[in-house]
Amino acid sequence: PAGGLILDIGANIGLFALYATERFPGARVWCFEPAPHCVEKLRLNLEQIRTETRIFPIALGDQAGETEFSYYPQYSIISGMFADETQDMEVLRAGARTQYLEKYKQEPGERELDLLVGSKLDGREVIQCSIKRLSQIIAEEKVERISLAKIDVERAENIILSGIDEPDWQRIDQLVVEVHDQGNREHEAMAAKLRGHGYKTDMFVEPTLKSSSIYVLVAKR
């Protein structure tokens, strides 16, 4: 709705925020992004719509304090608090495999995958950043209602949801969460958790990631 609040958790350089403000005129978008390199670009990208957006240069989690954040300068969208170079490489190779299949209609070999992935994970940096609970933000900012919470945080999605106090769930109308299955059916457990909070859920795999274990979970009241 006009004036509705969208939370862009894991905002990176602001592409979702730009999309949301264009798609939903009058909506407000709050961007949460702890990587200073990304925040710099985020500010530039949102300059023209600053009255509808706010930037919180912090991470969200299950407890307030300080935390380590891993940043990949050559592939920033998979940066996160729980970066794992082995798992992150698997994600990159899965995406590359899908793109190769679609373009050439045949399975790529290891050499082709190595060339496609290249050095995207080289130069990993570890950054100290502030972390808050989402319920802490809700209390500090006196938030009454959240129209949509978009969460794309590379394996930190569970701790973000753990930072929501029971009464605050009623304030959140919808969620869209990228969920990484790390071998414990995390996507199914999260869907069950959200249904327990009164949401109807739907789940799908984004086409370019169909060779990976990454799911998109949609929850609506």
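Scroll up for the structure.
Quantities reported herein were computed from a predicted structural model and do not represent experimental measurements.

A.B. asks: Before we go on, may I ask you to explain the pattern of salt bridges in this structure?
C.D. replies: Side chains carrying opposite charge are able to pair once their charged atoms draw close together. Scanning all chains against the criterion turns up 14 salt bridges. Salt bridges sharing partners connect three or more residues here, namely Arg 93, Glu 110 and Asp 114.

A.B. asks: Any chance you could explain the sheet that holds strand 8 (residues 174–180) here in plain terms?
C.D. replies: Note on sheets: strands pair through backbone hydrogen bonds, and any given pair is parallel or antiparallel. Spatially, 3-2-1-7-8-10-9 is the arrangement adopted by the seven strands of the open sheet, whose pairing is mixed. Only two strands of the sheet have a single partner each, and these edge strands are strand 3 (53–56) and strand 9 (200–204). Averaged over neighbouring strand pairs, the angle between their axes works out to 15 degrees when direction is ignored. Examined bridge by bridge, strand 8 and strand 10 (residues 214–220) share seven bridges and lie antiparallel to one another. If you follow Val 179 over to strand 10, its bridge partner there is Tyr 215.

A.B. asks: What exactly am I supposed to notice about the sheet that holds strand 6 (residues 125–133) here?
C.D. replies: In spatial order, the strands read 4-6-5; together these three strands make up an open sheet with mixed pairing. Edge positions in the open sheet fall to strand 4 (59–61) and strand 5 (65–71), since each of these has one partner strand only. Going from strand to strand, the sheet's axes swing by 50 degrees on average, the running direction of each strand aside. In this sheet, strand 6 lies alongside strand 4 in parallel orientation, the contact comprising three bridges. Across the sheet, residue Gly 61 finds its bridge partner in strand 6, namely Arg 133.

A.B. asks: It is not clear to me how the packing of aromatic side chains should be interpreted in this structure. Could you clarify?
C.D. replies: Aromatic rings in a pair are described by how distant their centres are and how their planes are angled relative to each other. Scanning the model with the defined rule gives five aromatic pairs in all. Seen from their ring centres, Trp 30 and Phe 56 are 5.4 Å apart, and the 45 degrees between their planes marks the pair as tilted. Taken together, the positions of Trp 30 in strand 2 (residues 28–32) and Phe 56 in strand 3 put the pair 26 residues apart, joining distant regions of the chain. Comparing Trp 30 with Phe 56 shows no difference in burial state: the two are buried. Ring geometry for Trp 169 versus Tyr 199: centroids 6.2 Å apart, planes at 70 degrees, classification edge-to-face. Of this pair, Trp 169 sits in the loop between helix 6 (157–162) and strand 8 while Tyr 199 sits in the loop between helix 7 (186–196) and strand 9, and the two are 30 residues apart along the sequence. Classification of Trp 169 by relative accessible area gives buried; the value is 2%. You can call Tyr 199 buried: its relative accessible area is 4%. One Lys or Arg, Arg 54, reaches over the ring of Trp 30 and ends 5.0 Å from the middle of that ring.

A.B. asks: Just to check I follow, could you spell out helix 3 (residues 85–104) for this structure?
C.D. replies: Note: α-helices contain 3.6 residues per turn, so residues at a spacing of three or four share the same orientation. Between its first and last C-alpha, helix 3 extends 28 Å over 20 residues, near the 28 Å set by a 1.5 Å rise per residue. Considered for burial, the residues of helix 3 that qualify are Asp 88, Val 91, Leu 92, Arg 93, Ala 94, Gly 95, Ala 96, Thr 98 and Tyr 100. Where helix 3 is buried, its residues touch helix 4 (110–117) and strand 10. Where helix 3 ends, the next residue or the one after it, Lys 105, has phi of about 60 degrees, a positive value.

A.B. asks: Would you mind showing me how to read the state of the cysteines here?
C.D. replies: A covalent bond between the sulfur atoms of two cysteines is what we call a disulfide. Within this structure, the stated rule accounts for zero disulfides. Here Cys 31 stays free of any disulfide, with the sulfur of Cys 38 as its closest cysteine sulfur at 12 Å.

A.B. asks: Would you take a moment to explain the nonpolar core for this structure?
C.D. replies: The tendency in soluble globular proteins is for nonpolar side chains to be buried as a group. Residues Leu 7, Phe 32, Leu 175 and Leu 194 are the most contacted members of the largest nonpolar core, which totals 41 residues. Not counting residues within four places of it along the chain, the set of residues in contact with Leu 175 comprises Leu 148, Ala 149, Ile 151, Leu 161, Trp 169, Leu 194, Tyr 199, Leu 217, Val 218 and Ala 219. Among the nonpolar cores identified, the runner-up in size contains eleven residues, and Ala 17, Ala 20, Ala 27 and Leu 148 belong to it.

Rules behind the numbers
- Residues numbered from 1 in each chain as written.
- Predicted model: local features only at pLDDT ≥ 70, side-chain atom pairs only at ≥ 80, totals over all residues.
- Heavy atoms only, no water.
- Salt bridge = Lys/Arg side-chain N within 4 Å of Asp/Glu carboxyl O.
- Pairing = 2+ DSSP bridges.
- Helix = DSSP H or I, 4+ residues; strand = E, 2+ residues; numbered from the N terminus.
- Axes fitted to C-alpha atoms, helices over the stretch in contact; angles between N-to-C directions.
- Phe/Tyr/Trp six-rings, centres within 6.5 Å; stacked < 30°, edge-to-face > 60°.
- Buried < 20%, exposed > 50% of the residue type's maximum accessible area, 1.4 Å probe, protein only.
- Lys NZ or Arg CZ within 6 Å of the ring centre and 35° of its normal.
- Expected span 1.5 Å × (residues − 1).
- Contact = heavy atoms within 4.5 Å.
- Disulfide = S-S within 2.5 Å.
- Core = buried A, V, L, I, M, F, W, Y, C linked by side-chain atoms within 4.5 Å.

Such coordinate-based values are descriptive only and should not be taken to indicate function.
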